[in-house]
Structures are given as structure tokens and as C-alpha cells.
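Here are the chains, one letter per residue:
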Amino acid sequence: PNPDIEPSEASPPALTHDITSRLDLLPSLPAGMRGATAADVLGRWHPVGTTVGSPQAYVRFDSDRRWIGSDGCNGWGGRYLIGPAGEMLAFSGGTTLVGCDNSPAPGWIRLTGRVAISNGELVLFDRSGHKLGTLAKTTSSYRR
């Protein structure tokens, strides 16, 4: 762990009653989508349906509730929780600030309030129900 990080920020977040009561206020998912589970999100994903950003952009969710990603040249990461109906709470640490043809995908994670599965893809919604973007499962560690 980074010595500059508070000990409470280095541990996995806990899903407390206060957090779940705030997640209950999220809008419903659109018809035909189901809330993603913690098992659904595991693995490496890349943004789809956007022409913005680098083809090397990705987000990876690990089983220890850590996520990492890249916008194509900057590293991102943090911790996340997934509730029973796709409610998502993610925390993000620092990132580098290299200028490039950045993808918005890693930034979506910290804004996500609910994540859904639709046709095998992850669809990310903010806390107001606005669609942030879509991620598709990456089958290799590098994609062109």
C-alpha cells in the first residue's frame, strides 16, 4: 500500500446500512436490462459505441473488489461494491495526467450508480439514470 493513503482507504469498502439506503434512491433500469452482479463484472472490459479515445483503453474488475483501468495512457484504479440489483459504488484513487486521445471509460466507473447487463455487455448509468457508456468483455490482454 502507498504510505500516503489513509488506512481506511486501503481496505475494501463495506456495504453499510447508510450506503444501501442511498443506493435505494437510484432510478430503475431500462426495460430489457438486468442489474449486474459482482460475478458479472469480473474481468477486463473495453469501451464500445464511442469513437473517442484510445483502443488500448480498458477497465478490469477483480474479485477482491479492486478495479483498475486505463484511458489509453493514464492509469486509474480504486475499490468498488456491487449491490443485488446492480447498484454500484466505486472509489477512485489518483491518476496520471498524460495528454493523449483519452477514453472516458475509466472515469465512468467513479460516476456509476448502477450497472446493467444487456446482450452480454455492461451498461453503466450515473446516479440520475443517465447512460454513461457501454463496456464489452475483452478476450485478450491487449486489443487493437
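Please read these numbers as outputs of a predicted model, since none were measured by experiment.

Things to note about the overall build of the protein
Tallying secondary structure elements over the protein gives 4 helices and 9 strands in all. Ordering the α and β elements of the protein from the N terminus gives α-α-β-α-β-β-β-β-β-α-β-β-β. Among the 144 residues that make up the protein, the fraction classed as buried is 40%. Looking at the protein alone, contacts between residues at least 24 apart form 53% of all its contacts between residues at least 6 apart. By element, 54% of the accessible surface of the protein is carried by carbon and sulfur atoms, the whole surface being about 7,900 Å².

Looking at the sheet that holds strand E2 (residues 43-48)
Strands sit in the order E1-E7-E8-E9-E2-E3-E4-E5-E6 across an open sheet of 9 strands; the sheet is antiparallel. Each of the sheet's edge strands pairs with one partner strand only, and the pair in question is strand E1 (34-35) and strand E6 (88-92). Where E1 meets strand E7 (residues 112-118), 2 bridges bridge the pair, whose relative direction is antiparallel. Among the inter-strand pairings, Arg34 is bridged to a residue of E7, identified as Ile117.

What about the pairing of E7?
The buried fraction of E7 is high, at 7 of 7 residues. Following E7, the chain reverses through 2 residues before pairing antiparallel with strand E8 (residues 121-126); Asn119 in that reversal takes a positive phi of roughly 55 degrees.

Some words on the packing of aromatic side chains
According to the stated counting rule, one finds 1 aromatic pair in the structure shown. With a centroid separation of 5.1 Å and an interplanar angle of 75 degrees, the aromatic rings of Phe61 and Tyr80 are classed as edge-to-face. Taken together, the residues span a long stretch of sequence, with Phe61 in strand E3 (residues 58-61) and Tyr80 in strand E5 (residues 75-82) at a distance of 19 residues. Grouping residues by exposure puts Phe61 and Tyr80 together as buried. A cation over an aromatic ring shows up here: Arg44 above the ring of Tyr58, its NZ or CZ 3.6 Å from the ring centre.

As for the confidence of the model for the protein
Of the residues in the protein, 74% reach a pLDDT of 70 or more, and the chain-wide mean stands at 82. Least confident of the elements in the protein is helix H1 (residues 7-10), whose mean pLDDT is 62; most confident is helix H3 (residues 38-41), at 96.

Looking at unusual backbone geometry
Unusually for a residue other than glycine, Arg65 sits at a positive phi of about 70 degrees. Tracing the sequence through the fold places Arg65 in the loop between E3 and strand E4 (66-70). Residues other than glycine seldom take positive phi values, yet Asn119 does so here, at roughly 55 degrees. Turning to its location among the elements, Asn119 is positioned in the loop between E7 and E8.

The rules behind each value
Residues numbered from 1 in each chain as written. Predicted model: local features only at pLDDT ≥ 70, side-chain atom pairs only at ≥ 80, totals over all residues. Heavy atoms only, no water. Helix = DSSP H or I, 4+ residues; strand = E, 2+ residues; numbered from the N terminus. Buried < 20%, exposed > 50% of the residue type's maximum accessible area, 1.4 Å probe, protein only. Contact = heavy atoms within 4.5 Å. Areas by Shrake-Rupley, 256 points an atom, 1.4 Å probe, with all protein chains shown as cover. Pairing = 2+ DSSP bridges. Phe/Tyr/Trp six-rings, centres within 6.5 Å; stacked < 30°, edge-to-face > 60°. Lys NZ or Arg CZ within 6 Å of the ring centre and 35° of its normal. pLDDT = per-residue confidence, 0-100.

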